[in-house]
Amino acid sequence: MTDIGGFHDRVARIDLSTGDVAYESIDDEDARKYLGARGLGVKYVFEAGPDVDPLGPENPLVFMNGALTGTQVTMSGRIAVCTKSPLTGTVTDSHHGGWSGARLKWAGFDGLCFEGQADDPVYAYVEDGDVELRDASHLWGEGFHDARDALESEVGGTYGQDLSVMGIGPGAENEVRFGCIVNEDDRASGRGGTGCVMGSKNLKAVVVKATTDMPEPADPATFEEGHEQAMQAILESEITGPNEGGLSVYGTNVLMNITEEMDGLPTANARYTSTEAASEAYGVDLDAERVSGETVRGEILVDEPTCHSCPVACKKEVEVSYRHKGEEMNVRMESFEYEPAFSLGPNSMNDDKESIAVMIDRCNDLTIDAIETGNMLAMAMELTEADVLGGDDEYDVDGIDWGDDEAMIDVIEQIGRRDDVGDLLAEGASRVAERLDAGEHSLAVKGQTMPAYDPRCMKGMGIAYATSNRGACHLRAYTPAAEILGVPEKVDPYDWEGKGELTAAFQDLHAVSDSFDICKFNAFAEGIEEYVLQYNGMTGLDVTEDDLLKAGERIYTLERYYNNLAGFDGADDSLPARFLEGGTPGQGASEGEYCELEAMKREYYDHRGWVDGVVPDEKLAELEIDVGPGTGVSNGGSGEAVSDD
């Protein structure tokens, strides 16, 4: 057990196969070494072993808080969902904001670990330190939004006051491999297929009832010092403060125009690095400005909701009317984010903001990852153009032309329902490429497609995508902080040297913040000094900056070691060929550029102390990572990763 401040020392282990619920303490050493949220959640997944079927009963689905979740710490409303991904086969953790993470803490829990598979649909009801499984057969097949409203009426309470829900819709129920989990505020644990795992377990929702009950700091003076420093830094930052041009004003979609102007916006399935270049190539009028944060704010913004303890309010709620096949669709949707706007917008050669809002809303209701969905549509459009799809093949995709927003909405529904071509696309880019012998059209790394930063422009993103432990991801190591925003200092986005070491530093730092669990936007203003003060103040510990960064390295290395045991090595740390060969055609600042991945990998592995992407025994020992009996896995003693059995 642990008596570290910020923890309730209570985790529910729920066996969905039997309906049994057991309550456990948190091992004190694990809490100190892995911090919480992502770190502890991944530890639970690691202990289940790397050979589990992602959609089988042995794969755990872990909802985990950190020591800072639900406290006064700024942006501390997040929660980690950890599991083995059905999309990538790697360990994955996916986070969402809003209030559900804080409310789970206020209900008396550090985490919920779901195992097994229910015979019939159920939901978990959480209140006052107890978990109860209830029948959800009447909700199965319902879109998330209707199911959410039905649960509010069924259990009593009010969303936004004392009630939260984390649940799934038809897409995750139908085991779309990039099915996600959505909460009552339309915040999504979007990446890696966490919702698909939830659907495989017949778990419709987790409903949490609790009023505000923030943990008290163990060391109030230290906490207050850190909290005041952090708040001042956030309010004074040009990025997070309430100024003209930052996250508070335009939300995450402030990046749309910025990446377009620096020729770093992947367009037309990343064949081009700006809408201007794609427009010239295709002879069309495509403009990123039409779907930018500035345009959204000026034309369709209706509200600016925020998450627990957040002064930034980056969420931009919009209301649109859109005519689809002659029928009026009126949608109020939270929130118009940069990544989905990129994948459903420029990457699919669509610049109709109303249709993008409708599509994000449909993805949320079906509970499928909007980033992955948009990239799958872009891939289908390129496959159609290349005559791989369409015509006489078995999939009815004649209508998926570049920028055809009406067809896009139809195919989104098909993905969620696994109808027609949607049944193929629901398998994810790597499986589609394998089935159609079309690997050159896939943007996937380890099975997950790339977000909205082109690695021919931002070289740090190239090594970050390649070495991400959960497949292509901008949030494992957000190098655009340095390459675009100048945090902690400005670096040349086109220079590859030093990016391996920079990426590793960001990966370790973000493993810390994900394990607290606080929003990464903190890092645009705060530094490790504020992290240490707030963490020590809340927990009563006396860790140093080096201690925290070593914990981040330990967490990242544990994830990498799990993936080694699951069969991944340096050969999997790669990028799609279009980023590595031949240079970019006609792209302004990006013209002729390519990603010098192999050179960055050598620098990265040398810094990490890994051997061709594999964690050697001496690194495990250095970081005090226990892989002995009782974990389900062990190391073979030669630097090669092997399973126990």
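Up top is the structure these notes are about.
What counts, and where the lines are drawn
- Sequence order as written defines the numbering, with residues in each chain counted from 1.
- With the structure being a predicted model, the display of local features is reserved for residues of pLDDT at least 70 and the display and counting of side-chain atom pairs for 80 or more, all residues being used for whole-chain, interface and lining totals.
- To get the side-chain values, take all heavy atoms of the structure and skip hydrogens and water.
- Starting at the N terminus, helices and strands are each numbered in turn, a helix being any DSSP run of H or I of at least four residues and a strand any DSSP run of E of at least two.
- Our radius of gyration looks at C-alpha atoms and nothing else; its globule reference is 2.2 Å times the residue count to the power 0.38.
- Buried, partly exposed and exposed residues are distinguished by accessible area as a fraction of the type maximum, computed with a 1.4 Å probe on protein chains only: under 20%, between the cut-offs, and over 50%, respectively.
- Where accessible areas are quoted, they stem from the Shrake-Rupley method and a 1.4 Å probe; at the residue level, only the protein chains shown are allowed to cover.
- In this tally, Asp and Glu contribute negative charge and Lys and Arg positive charge; neither His nor the terminal groups of the chain are included.
- A charged residue contributes its charge at one atom only: NZ of Lys, CZ of Arg, CG of Asp or CD of Glu.
- Two strands form a pair only when DSSP identifies at least two bridges running between them.
- Only the stretch in contact is used when a helix axis is fitted, and all axes are lines through C-alpha atoms; the angle between N-to-C directions ranges over 0 to 180 degrees.
- The contact criterion used throughout is that any non-hydrogen atoms of two residues lie within 4.5 Å.
- Roughly parallel means an angle under 35 degrees; roughly antiparallel, over 145; roughly perpendicular, 65 to 115; everything else is oblique.
- In this scheme the crossing of two helices becomes right-handed for a clockwise turn of the near helix relative to the far one and left-handed for an anticlockwise turn of less than a right angle.
- Three residue categories are used. Nonpolar comprises Ala, Val, Leu, Ile, Met, Phe, Trp, Tyr, Cys and Pro, charged comprises Asp, Glu, Lys and Arg, and polar comprises the others, including Gly.
- What is meant by a nonpolar core is a set of buried Ala, Val, Leu, Ile, Met, Phe, Trp, Tyr and Cys residues, joined one to another through side-chain atoms within 4.5 Å.
- For a helix, the expected span equals 1.5 Å multiplied by the residue count minus one.

K.L.:
Give a detailed account of the overall build of the chain, specifying residues and quantitative values.
P.N.:
Along its length, the chain carries 24 helices and 19 strands. Relative to its length of 645 residues, the chain is compact, with a C-alpha radius of gyration of 23 Å against a globular reference of 26 Å. In the chain, which comprises 645 residues, the proportion classed as buried is 67%. When the accessible surface of the chain is summed, it comes to about 21000 Å², and 42% of that surface belongs to carbon and sulfur atoms. Charged side chains of the chain number 48 positive and 128 negative; the gap between the two group centres comes to 1 Å.

K.L.:
How would you summarise the sheet that holds strand β15 (residues 327-333) if you had to cite specific residues and measurements?
P.N.:
Judged by pairing direction, the sheet is antiparallel, and its three strands sit side by side in the order β13-β14-β15 without closing on themselves. Whereas interior strands pair on both sides, the edge strands pair on one side only; in this sheet they are β13 (301-303) and β15. Neighbour-to-neighbour, the strand axes of this sheet turn through a mean angle of 30 degrees, independent of strand direction.

K.L.:
Give me helix α18 (residues 459-467): which residues, what numbers.
P.N.:
Each full turn of the α-helix corresponds to 3.6 residues, which orients residues three or four apart in the same direction. For α18, a buried count of nine out of nine residues is recorded, marking the element as mostly surrounded by other parts of the structure. Residues Lys-459, Gly-460, Met-461, Gly-462, Ile-463, Ala-464, Tyr-465, Ala-466 and Thr-467 constitute the buried set of α18. Packing partners of the buried residues in α18 comprise β16 (444-445), α19 (480-483), α20 (499-516), α22 (545-565) and α23 (597-608).

K.L.:
Outline the packing of helix α2 (residues 37-48) against α22, supporting the account with residue identities and numerical values.
P.N.:
Their axes nearest at 10 Å, the elements α2 and α22 cross at an angle of 25 degrees. When the interaxial angle is binned, α2 and α22 end up roughly parallel. Judged by the sense of rotation from one axis to the other, the crossing of α2 with α22 is left-handed. Along the contact surface, α2 presents Arg-38, Gly-39, Val-42, Lys-43, Val-45 and Phe-46, while α22 presents Ile-555, Tyr-556, Leu-558, Glu-559, Tyr-561, Tyr-562 and Leu-565. A per-class count over the contact of α2 with α22 returns nine nonpolar, one polar and three charged.

K.L.:
I'd like a rundown of the nonpolar core, residues and numbers included.
P.N.:
Ranked by size, the top nonpolar core spans 157 residues in total, and within it Phe-336, Tyr-453, Phe-516, Tyr-531 and Leu-548 carry the most contacts. With near-sequence residues (within four places) excluded, Phe-516 lies in contact with Leu-35, Gly-66, Ala-67, Leu-68, Thr-69, Tyr-531, Tyr-535 and Leu-548. By size, the runner-up hydrophobic cluster in this structure holds 29 residues, among which are Ala-124, Val-131, Met-198 and Val-208.

K.L.:
Outline the environment of Ala-523, listing residues and values.
P.N.:
Relative to the helices and strands, Ala-523 resides in the loop between α20 and α21 (528-539). With a relative accessible area of 14%, Ala-523 lands in the buried category. Dropping the residues within four chain positions of it, Ala-523 is found in contact with Val-487, His-510 and Tyr-531.

K.L.:
Could you give me a rundown of α23, with the residues and numbers involved?
P.N.:
The end-to-end C-alpha distance of α23, which contains 12 residues, comes to 16 Å, matching closely the 16 Å that a straight helix rising 1.5 Å per residue would cover. Where α23 is concerned, the buried positions are Leu-597, Ala-599, Met-600, Lys-601, Tyr-604, Tyr-605 and Arg-608. Looking at the buried positions of α23, the neighbouring elements they touch are α18, α20, α22 and α24 (617-622). With its phi angle positive at about 80 degrees, Gly-609 sits one or two positions after the end of α23.

K.L.:
Mind laying out unusual backbone geometry, listing which residues take part and the relevant values?
P.N.:
Between Glu-334 and Ser-335 the backbone carries a cis peptide bond, its omega angle lying at 15 degrees. Mapping Ser-335 onto the fold places it in the loop between β15 and α12 (338-344). With an omega of 0 degrees, the peptide bond running from Phe-516 to Asp-517 counts as cis. Counting through the fold element by element, Asp-517 comes out in the loop between α20 and α21.

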